[in-house]
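Read off the chains here:
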Amino acid sequence: HALPLLLHAPPFARPFRLMPQKKAGGSASDAGAAQSGQGCHSQGKKNGKGVKKDHGSGAEGGGGAGIKGREGAKREVKGTDDQGRWFESHEALKQMQDQSAQEWYAANREWWAEGGYGGSTDEEAMIGDELGQLDAEEGLKFLRELISDYAWFNPRSAVDAGAGVGRMTKHCLLRVCETVNLIEADSGWLRRAKVYLGKKRAAKCTFTCARLDELQALEAATVDLVWIQWTLQYLTDTHAVSALEALRAGLTSSGVMVIKENRPYGGQREDRFHMETPSGEQGRYDITRPLAHHELLFQLAGLRLLRCEEGVETHTFALTHWNES
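Definitions and cut-offs
Residues numbered from 1 in each chain as written. Predicted model: local features only at pLDDT ≥ 70, side-chain atom pairs only at ≥ 80, totals over all residues. Heavy atoms only, no water. Salt bridge = Lys/Arg side-chain N within 4 Å of Asp/Glu carboxyl O. Buried < 20%, exposed > 50% of the residue type's maximum accessible area, 1.4 Å probe, protein only. Pairing = 2+ DSSP bridges. Helix = DSSP H or I, 4+ residues; strand = E, 2+ residues; numbered from the N terminus. Contact = heavy atoms within 4.5 Å. Axes fitted to C-alpha atoms, helices over the stretch in contact; angles between N-to-C directions. Polar contact = N/O pair within 3.5 Å; in protein donor to acceptor, adjacent residues only side chain to side chain. Phe/Tyr/Trp six-rings, centres within 6.5 Å; stacked < 30°, edge-to-face > 60°. Core = buried A, V, L, I, M, F, W, Y, C linked by side-chain atoms within 4.5 Å.

**Q** Got a minute to help me understand the pattern of salt bridges in this structure?
**A** Oppositely charged side chains can form a pair if their charged atoms are brought close together. In total, this model carries 16 salt bridges according to the counting rule given. Ionic pairing is found between Lys 78 and Glu 76, a salt bridge with its closest N-O pair at 3.5 Å. The exposure class of Glu 76 is partly exposed, given its relative accessible area of 48%. When the shortest N-O distance is used, the salt bridge between Arg 269 and Asp 271 registers 2.6 Å.

In structure tokens:
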């Protein structure tokens, strides 16, 4: 989903595994710590479970730590790519990404056109294994916990950004929300989504063909929930921020944005990004960002971290508008 490098929505929704695949099948640990730099925490890695901690009190009242001010303390962003290059700063990474974006996006489009992750079903093509429904059920659990824990959050309308074939819409979003707008860059995946969802579900949806790297701001205050999963990884940092800003514009005052992305784990340093390029083995662009890197992007996009859940190889974030008060 999303793939032409996040140019397209469908490719986006597919997770990229840096390590032998375990995927986010096991339940994730819902945790996080105030923006004191502690980030997401999990304990008792068995089954991925951990202690839940939130980042503030939510949309009503700006209490809580959240991400410190839009001009808050700088976060260190460093990492490597698959060509052995070391990036000492966020500025160095962005320079490389911005120079190569269109070339990389074109490679991603081709990669997805040739089958992407492959597999025998649409869901396998989206995420690379057969655990798509299990993952969606975990997402549904996360969403229902948000609704239960925050009385002000009662989502009726949603956007599935980088929707692909509509896996999360079918198994998660339409089980809570009355309507969903699927935004996908690949017109072929959007057509397949209408069949995949079935007539009754599709009747509750709108289908928007748009590239996230070029996305215009959504109509103000029209959406209660924005869901983005395994999509930012295919966008450069510049386009990730602009896409988040465009999507944030559509959130109501009590709206929430949920983002699920891979994180470095296993044999990799968990505080360093790792970037795949079309010159590497995978033949496409993809970046796995650590917690602090994601937090920086959220801050730049005017989003406030409400909750963070750490899984074996993923982070799931719940975010709201940044409240300057």
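Having seen the structure, we can now continue with the description.
**Q** What should I look at first to understand the sheet that holds strand β2 (residues 79-81) in this one?
**A** Strands in a sheet are paired, the pairing made by backbone hydrogen bonds, and the direction either parallel or antiparallel. Strands sit in the order β3-β2-β9-β10 across an open sheet of 4 strands; the sheet is mixed. Since the sheet does not close on itself, it has two edges, and those belong to β3 (86-87) and β10 (286-288), each with one partner. Pairing geometry for strand β9 (residues 273-276) and β10, over 3 bridges, is antiparallel. Bridge pairing in β10 places His 274 opposite Thr 288. Running over the sheet, helix α2 (residues 90-113) touches β3, β9 and β10 and is turned about 25° from β9.

**Q** How do you make sense of the side chain of His 315 when you look at a structure like this?
**A** Looking at the element boundaries, His 315 is found in strand β12 (residues 314-321). Given a relative accessible area of 4%, His 315 falls into the buried group. A polar contact is formed between the side chain of His 315 and the side chain of Glu 310, at a distance of 3.4 Å.

**Q** What is the right way to look at the pairing of strand β11 (residues 303-310) in this model?
**A** Regular strands place side chains that alternate from one sheet face to the opposite one. Of all 8 residues that make up β11, 8 are buried, and the element is covered over most of its length. Relative to β12, β11 runs antiparallel, the two sharing 7 bridges. Counterpart to Leu 303 in the pairing with β12 is His 321. Counting the residues that bridge the hairpin from β11 to β12 gives 3 residues.

**Q** Help me understand unusual backbone geometry, please; the structure alone is not making it clear to me.
**A** Most peptide bonds take the trans configuration, and most residues that are not glycine carry a negative phi. Look at Ala 221: it is not a glycine, yet its phi comes out positive at around 50°. For Trp 230, which is not a glycine, the phi torsion comes out positive at approximately 50°. By secondary structure assignment, the location of Trp 230 is in the loop between β7 (223-229) and α7 (237-248).

**Q** What should I look at first to understand the packing of aromatic side chains in this one?
**A** In this structure the tally under the stated criterion is 5 aromatic pairs. Centroid distance Trp 104 to Tyr 285: 4.9 Å. Interplanar angle 15°. Geometry classified as stacked. Residue Trp 104 is located in helix α2, and its partner Tyr 285 is located in the loop between β9 and β10; the two are separated by 181 residues in the primary sequence. Classification of Trp 104 as buried rests on a relative accessible area of 4%.

**Q** Just checking my understanding: could you explain the nonpolar core for this structure?
**A** Nonpolar side chains in soluble globular proteins tend to end up buried together. The biggest cluster of nonpolar side chains holds 32 residues, and the ones touching the most others in it are Ile 228, Leu 244, Leu 247, Met 257 and Ile 259. Those elements giving two or more residues to this core turn out to be α2, β4 (157-161), β7, α7, β8 (251-262), α8 (291-300), β11 and β12. Here the element with the most residues in this core is α7; it accounts for 6 residues. Look past the residues within four positions of Leu 247 in its chain and what remains in contact with it is Val 159, Ala 161, Ile 183, Leu 215, Leu 218, Val 226, Ile 228 and Met 257.

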